[in-house]
Amino acid sequence: MLITLPDKVNYIIEELMAHGFEGYAVGGCVRDSLLGRIPGDWDITTSANPYEVKQIFSRTIDTGIKHGTVTVMLGKEGFEVTTYRLDGEYEDNRHPKQVEYTKNLIEDLKRRDFTINAMAYNSKDGLVDEFEGLKDLQEKKIRCVGSADQRFDEDALRILRAVRFSAQLNFKIEDETLAAIRLKALNLRNISAERIREELNKLLLSSYPEKLSIAYETGLTEVILPEFDQMLATSLQGPYQHSSVGEHTMEVLRYFVKKFSKEVEDKKQQLIYRWAILLHDVAKSVIKENNSQALNYSKEHQVKGANMAKSILRRLKFDNETIESVSKLVYYHNFKFGHSKEDIRRATNLIGEKYMPMLFVVQECNMETKDPQVIDEMSKDLRRAKELYQDMIEHGECVSLKSLAVNGKDLMEQGFESGKNIGLLLDMLLEKVIGDPTLNTKEQLLKIARNQKKTIRN
């Protein structure tokens, strides 16, 4: 089995061997290479201890020297080089009490999580595959190295990683490993919110985010995302093709992946879309739809949904920008845009120029999973809104204070006193311009402001 190692990776391995040590590319980079995927990074394992590695290479960084890892710098690129090791007893389902170095590669591979991640390679020895990882790759299987119970007791995050790899690779989780996931699910309580968040992000960013359902079936979401369990237990009413909120949500995610995932190149924006879709109907599990009070229900749905989204994302330690963006899209996901240019300008002013294009995407994904009998009318309304929005953009129509032809300084130069009244006046001028874009000239707006001032005096 031949793998083409990058020149710098090959150089590090050959330098280690030239000094009498072993060296191999290991883990995910080997797995991805065998799958024909481009590895995100290349990890190297060696029989040399960290201090011996530091003597061989002129530029190194002690990134994790306590656990045997140093980063070798070649130019501006860094490559993690980790000493073969044996992990001591795990006391917190995450970290070993101590780490012991070994000269035996197989002993190092034996402590790793899954067989597909426990392969090593160099150009001299070829593929080292003691635990049949290649066979599991060919059979599209996620299987623990050795005892699944032991692997998950050592590091509970591996429980969620199994589901994440299943989603990223579209692999099946092997029966014994799946049984151990069910048995050890509660161990995830010992894992930090940040670690949980990163695994959930990778799962949602995968080509098969609907495999979150595996986390539900094995009891993981009960620990890390109980709101999803409630969504799957909540029956849908209205023009839906699915029996539960959770099933509908998974279908919306699938549609996004199919239609938009390649169009959205920015990873953070991808995450915002996928979390917004995952949580867009989260409030349906806690409020009851009342057709006789549709307006009250709609308002409660959007307010409660946005608040729940914020709470969930804060619990998972997301950054403020992501929390704000996701909750905004959840709040407005059922927004009715209206049918005129003025309606669209007002909607853009209310929702924000940043979010309008994103909201169109979320609404399309949500709409396309409903009953075909209602899709046509909804699709027509959405298409019209997008056309009006595009026309508004092309004509550069003003929808916010930043594109208003006057600012506070202009008004003060006309004799208006600084303070909150300036802000109120600017808001009034913006309201005029949203109603009639042709008014957005400095001359006209100052005239309106002066007339307003006279009216107030009289």
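For the structure, see preceding data.
Residues numbered from 1 in each chain as written. Predicted model: local features only at pLDDT ≥ 70, side-chain atom pairs only at ≥ 80, totals over all residues. Heavy atoms only, no water.

**What about the side chain of Arg151?**
With respect to the element layout, Arg151 can be found in helix 6 (residues 148–154). The class for Arg151 is buried, based on a relative accessible area of 6%. Polar side-chain contacts of Arg151 include one of 2.8 Å to the backbone oxygen of Val145. (Helix = DSSP H or I, 4+ residues; strand = E, 2+ residues; numbered from the N terminus. Buried < 20%, exposed > 50% of the residue type's maximum accessible area, 1.4 Å probe, protein only. Polar contact = N/O pair within 3.5 Å; in protein donor to acceptor, adjacent residues only side chain to side chain.)

**With respect to the sheet that holds strand 1 (residues 23–26)**
Reading across from one edge, 3-4-5-2-1-8-9 is the order of the seven strands in this open sheet, with mixed pairing throughout. Looking at the sheet topology across the chains shown, the edges are occupied by strand 3 (60–64) and strand 9 (126–128). Direction aside, the axes of adjacent strands within the sheet are offset by 35° on average. Sheet topology note: the strand 1/strand 2 (residues 43–46) ladder contains four bridges and is antiparallel. Of the residues in strand 2, the one forming a bridge with Ala25 is Ile44. Against the sheet, helix 1 (residues 7–18) makes contact with strand 1, strand 2, strand 4 (69–74), strand 5 (77–83) and strand 8 (120–122), and its axis sits at roughly 40° relative to strand 5, the strand it touches most. (Pairing = 2+ DSSP bridges. Axes fitted to C-alpha atoms, helices over the stretch in contact; angles between N-to-C directions. Contact = heavy atoms within 4.5 Å.)

**Some details on helix 9 (residues 193–204)**
End to end, helix 9 covers 16 Å across twelve residues, agreeing with the expected 16 Å (1.5 Å per residue, within 8%). Inspection of helix 9 places Ala193, Ile196, Arg197, Glu199, Leu200, Asn201, Leu203 and Leu204 among the buried residues, and these make up the whole buried set. (Expected span 1.5 Å × (residues − 1).)

**Examining the nonpolar core**
Generally speaking, soluble globular proteins have nonpolar side chains that are buried together. Counting residues in hydrophobic clusters, the biggest one holds 110 residues, and the most contacted among them are Trp275, Leu278, Leu279 and Phe337. Excluding residues within four positions of it along the chain, Leu278 makes contact with Leu204, Leu212, Leu225, Phe228, Met231, Thr249, Met250 and Leu253. One finds Leu404, Leu425, Leu429 and Val433 within the second-largest nonpolar core, a separate group that totals 18 residues. (Core = buried A, V, L, I, M, F, W, Y, C linked by side-chain atoms within 4.5 Å.)

**Let's talk about the packing of helix 17 (residues 341–351) against helix 19 (residues 372–394)**
In contact at an axis separation of 9 Å, helix 17 and helix 19 are set at 80° when each is read in the N-to-C sense. It follows that helix 17 is roughly perpendicular to helix 19 by the angle criterion. Contacts from Lys341, Ile344, Arg345 and Thr348 of helix 17 reach helix 19 at Ala385, Leu388, Tyr389, Asp391 and Met392. Partitioned by chemical class, the residues of the contact of helix 17 with helix 19 number five nonpolar, one polar and three charged. (Parallel < 35°, antiparallel > 145°, perpendicular 65-115°, else oblique. Nonpolar A, V, L, I, M, F, W, Y, C, P; charged D, E, K, R; others polar.)

**Looking at unusual backbone geometry**
Phi at Lys140 is positive, roughly 55°, even though this residue is not glycine. Looking at the secondary structure, you find Lys140 in the loop between helix 5 (133–138) and strand 10 (141–142). The phi dihedral of Asn170 is positive, around 60°, even though this residue is not glycine. The topology assignment puts Asn170 in the loop between helix 7 (157–169) and strand 11 (172–173). By relative accessible area, Asn170 is classed as partly exposed at 32%.

**Some details on the pattern of salt bridges**
A side chain of one charge can pair with a side chain of the opposite charge if their charged atoms are brought near each other. Inspection of every chain in the model, using the stated rule, returns 32 salt bridges. Between Lys54 and Asp62 there is a salt bridge, with its nearest N and O atoms 2.8 Å apart. Measuring nitrogen to oxygen at the nearest pair gives 2.9 Å for the salt bridge that ties Asp108 to Arg112. Each member of the pair Asp108 and Arg112 is classed as buried. Three or more residues joined by partner-sharing salt bridges are found here, namely Lys268, Asp319, Glu321 and Lys354. (Salt bridge = Lys/Arg side-chain N within 4 Å of Asp/Glu carboxyl O.)

**Some thoughts on helix 1**
Look at helix 1: 16 Å from first C-alpha to last across twelve residues, which is about the 16 Å you get at 1.5 Å a residue. Taken together, the buried positions of helix 1 are Val9, Asn10, Ile12, Ile13 and Leu16. Down the axis of helix 1, the buried side of the element spans an arc of 160°, and every buried residue falls inside it. Of the residues in helix 1, the exposed ones pointing more than 90 degrees away from the buried face are Asp7 and Ala18. Residues of helix 1 that are buried make contact with strand 1, strand 2, helix 3 (50–56), strand 4, strand 5 and strand 8. The positive-phi residue at the C-terminal boundary of helix 1 is Gly20, with phi of around 90°. (Arc of directions from axis to C-beta.)

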